[in-house]
Amino acid sequence: MDNTTRIFRIEGVNSGEIITKAARIIQQGGTVAFPTETVYGLGADALNPEAVRKIFKAKGRPLDNPLIVHIADIEQLEVIASDVPGIAHALMDAFWPGPLTMIFKRKDIVPDVTTCGLDTVAVRMPDNPIALGLIREAGTPIAAPSANISGRPSPTTAEHVISDLAGRIDAVIDGGAVRVGVESTVLDMTPDIPVLLRPGGVSIDQIREYVGDVVIGYTDRAAGAGEVVRSPGLKYTHYSPETRLVLVMGNSSAVVDKISELAREYGDRNIRVGLLVTDETAGTDEMAGYVSKGGVFLLGSRYDASAIASNLFAGLRYLDMEDVDVIIADGSMGIAGIGAAVLNRLKKAADELIEVH
Ligand code: TXA
Ligand code: MG
């Protein structure tokens, strides 16, 4: 294929036609970015090693970071995974289609490049009609990491995909902004007690309703060089804007005090500041002078973690394009529900973490 990226815009009635064209590209071994409910994915035929290699190349993804394989029905799970425990079926009934990825023993049909040589495969059924339609029409499971350049914030709109990957992929399906905004929860089902490898769209409390015990297998920072990690994705820096990011965490009034203090100090040194803050923080008297200067992105209410999740990556990308030298991020939302995933992404993106009480 040449190096122009086709852009397919879903406009109601044309979705069937677009999915057919995009599925043809997948069947021919090409790459198509498509919306899921979490973030946009960059898809290729999971069972075609040549096609999967193109994903790694387009993203600049390290070759030891395996991909999630997306399926549209349970029959496809049987093609790629073995030893699926009963408890996993309970989780599928509860959360599929949806933002839960589970790791199982893989079958030989899955090429090494998809799993980076691991004997396991990560699988999920996305909750988006375009994604499901594409997988069905292509007639093959689709491997898809987030459709961003490796290390950048994940894409939540087709514009984000285009700004990172135009000219590097065959096509993108524009289905509008995604619903959830952070990636799926990753749960390793191969040990006796499931291990949570990434917090995401399904919360740990939701999982605990179906699984007695869950081991927390992730950290909120990039692992150090040489550290042994259970999921290859844990060792890379992630989600980072190019601009320096300072995250302030703690109880809300202390966070507001610290952010306004930092904004004043930076301002005194002629350092231009961008603010990634909750509505409540932006609305305080302390912040009024800074908020009116611009370079502000409102995440949504501190008490609405779902809204913050859906705005987070767009906010990081927006402030990265503003003329600012440093971004100060508000970490005053709690870790309840999807808040754990939001704070995990912010901590991984941060160059500096300040905890206040
Ligand atoms: O919501 C999502 O999960 C999105 C959409 C597109 O589905 N995809 C996504 O993919 O976030 P990606 O590649 O950005 O993240 C996949 C994560 C990585 O941290 C990777 O290391 C881990 O899943 N992973 C994949 N296969 C694995 C395996 N066999 N064992 C352990 N970790 C695995
Ligand atoms: Mg990713």
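Since this is a predicted model, take the numbers as computed values, not measurements.

### Notes on the overall build of the protein
Then, in step 1: A count of helices and strands for the protein gives 13 helices and 17 strands.
Then, in step 2: On C-alpha atoms alone, the protein measures out to a radius of gyration of 20 Å, which is about the 21 Å that the 2.2 N^0.38 rule sets for 357 residues.
Then, in step 3: Each principal axis of the C-alpha atoms in the protein carries an extent, and together these give about 60 × 50 × 40 Å.
Then, in step 4: Counting only residues that meet the buried cut, the protein has 56% of its 357 residues in that class.
Then, in step 5: Within the protein, contacts between residues at least 6 apart in sequence are counted, and of these 67% link residues at least 24 apart.
Then, in step 6: Accessible area for the protein stands at about 14,700 Å²; split by element, carbon and sulfur atoms hold 49% of it.

### Thoughts on the pattern of salt bridges
Then, in step 1: Here the structure, examined in full by the defined rule, presents 16 salt bridges.
Then, in step 2: For D174, the salt bridge is made with R9, and the minimal N-O distance between the two is 3.2 Å. One end of the pair, D174, is in strand 9 (residues 171-174); the other, R9, is in strand 1 (residues 6-9), and 165 residues separate them in sequence.
Then, in step 3: Among the ionic pairs, R345 bridges to E183, the shortest N-O distance being 2.8 Å. You can see R345 sitting in helix 13 (residues 339-349) and its partner E183 sitting in the loop between strand 9 and strand 10 (185-188), a full 162 residues away along the chain. As far as burial versus exposure is concerned, R345 and E183 are alike and both buried.
Then, in step 4: A single network of salt bridges, built from pairs that share partners, joins R152, D164, R317 and D320.

### Topic: the domain arrangement of the protein
Then, in step 1: Segmentation of the protein into domains returns domain 1 (6-216) and domain 2 (244-356).
Then, in step 2: On a C-alpha basis, the centres of domain 1 and domain 2 stand 30 Å from each other.
Then, in step 3: On the domain 2 side, the residues contacting the 21 residues of domain 1 number 15 residues.
Then, in step 4: When domain 1 packs against domain 2, the two sides together hide about 1,300 Å² of surface, and 57% of this comes from carbon and sulfur.
Then, in step 5: It is P153, V182 and P199 in domain 1 that bury the most area against domain 2; as a group they hold 38% of the surface buried on that side.
Then, in step 6: In this structure, the connection of domain 1 to domain 2 is made through three salt bridges.
Then, in step 7: Summed over the shared surface of domain 1 and domain 2, the number is six residue pairs in polar contact (both at pLDDT 80 or more).
Then, in step 8: When residues in the side of domain 1 that touches domain 2 are grouped by element, the largest group, three residues, is from helix 7 (residues 158-165).
Then, in step 9: For the side of domain 1 that touches domain 2, a count of residues per class yields six nonpolar, 10 polar and five charged.

### Observations regarding the packing of helix 1 (residues 15-27) against helix 6 (residues 129-138)
Then, in step 1: Orientation of helix 1 relative to helix 6, taken along the N-to-C sense of each, is 55°, at an axis distance of 8 Å. Here helix 6 runs oblique to helix 1, going by the angle between their axes. Here the hand of the crossing between helix 1 and helix 6 comes out right-handed. On helix 6, the residues that touch I19, T20, A22, A23, I26 and Q27 of helix 1 are P129, I130, G133, L134, E137 and A138.
Then, in step 2: Residues of the contact of helix 1 with helix 6, tallied by class, amount to eight nonpolar, three polar and one charged.

### Considering the pairing of strand 13 (residues 244-250)
Then, in step 1: Among the seven residues that make up strand 13, five are buried, leaving the element largely enclosed by the rest of the structure.
Then, in step 2: Bridge analysis of strand 13 against strand 16 (residues 326-331) gives six bridges, and the strand direction is parallel. Each bridged residue has a counterpart across the sheet, and for L245 the counterpart in strand 16 is I327.

### Overview of the sheet that holds strand 16
Then, in step 1: If you trace the five strands from one edge of the open sheet to the other, you get 15-14-16-13-17, paired in parallel fashion. With one partner strand each, in any of the chains shown, strand 15 (296-298) and strand 17 (352-356) form the two edges of the open sheet. On average, each strand axis in the sheet is tilted by 15° relative to the strand beside it, whichever way the strands run.
Then, in step 2: Together, strand 13, strand 14 (273-277), strand 16 and strand 17 form the strand contacts of helix 9 (residues 252-268), whose direction differs from that of strand 13 by roughly 150°.
Then, in step 3: Sheet contacts for helix 13: strand 13, strand 14 and strand 16; angle to strand 13, the most-contacted strand, approximately 135°.

### What to know about the pairing of strand 3 (residues 40-45)
Walk down a regular strand and you will see the side chains alternate between the two sheet faces.
Then, in step 1: Burial within strand 3 is extensive, with six of its six residues counted as buried.
Then, in step 2: Here four bridges tie strand 2 (residues 32-35) to strand 3, and the two strands are oriented antiparallel to one another. Considered in strand 3, the bridge of A33 is made with L42.
Then, in step 3: Turn length for the strand 2-strand 3 hairpin, with the two strands adjacent in sequence and antiparallel, is four residues.
Then, in step 4: Inspection of the sheet shows strand 3 paired to strand 8 (residues 142-143) by two bridges, in the antiparallel sense. Directly across from A44, in strand 8, lies its bridge partner A143.

Conventions and cut-offs
Residues numbered from 1 in each chain as written. Chains lettered and ligands numbered in written order. Predicted model: local features only at pLDDT ≥ 70, side-chain atom pairs only at ≥ 80, totals over all residues. Heavy atoms only, no water. Helix = DSSP H or I, 4+ residues; strand = E, 2+ residues; numbered from the N terminus. Rg over C-alpha atoms; globule rule 2.2 N^0.38 Å. Buried < 20%, exposed > 50% of the residue type's maximum accessible area, 1.4 Å probe, protein only. Contact = heavy atoms within 4.5 Å. Areas by Shrake-Rupley, 256 points an atom, 1.4 Å probe, with all protein chains shown as cover. Salt bridge = Lys/Arg side-chain N within 4 Å of Asp/Glu carboxyl O. Domains from an automatic or database assignment. Buried area = accessible area lost by both parts, 1.4 Å probe. Polar contact = N/O pair within 3.5 Å; in protein donor to acceptor, adjacent residues only side chain to side chain. Nonpolar A, V, L, I, M, F, W, Y, C, P; charged D, E, K, R; others polar. Axes fitted to C-alpha atoms, helices over the stretch in contact; angles between N-to-C directions. Parallel < 35°, antiparallel > 145°, perpendicular 65-115°, else oblique. Left-handed = near helix turned anticlockwise from the far one by under 90°. Pairing = 2+ DSSP bridges.

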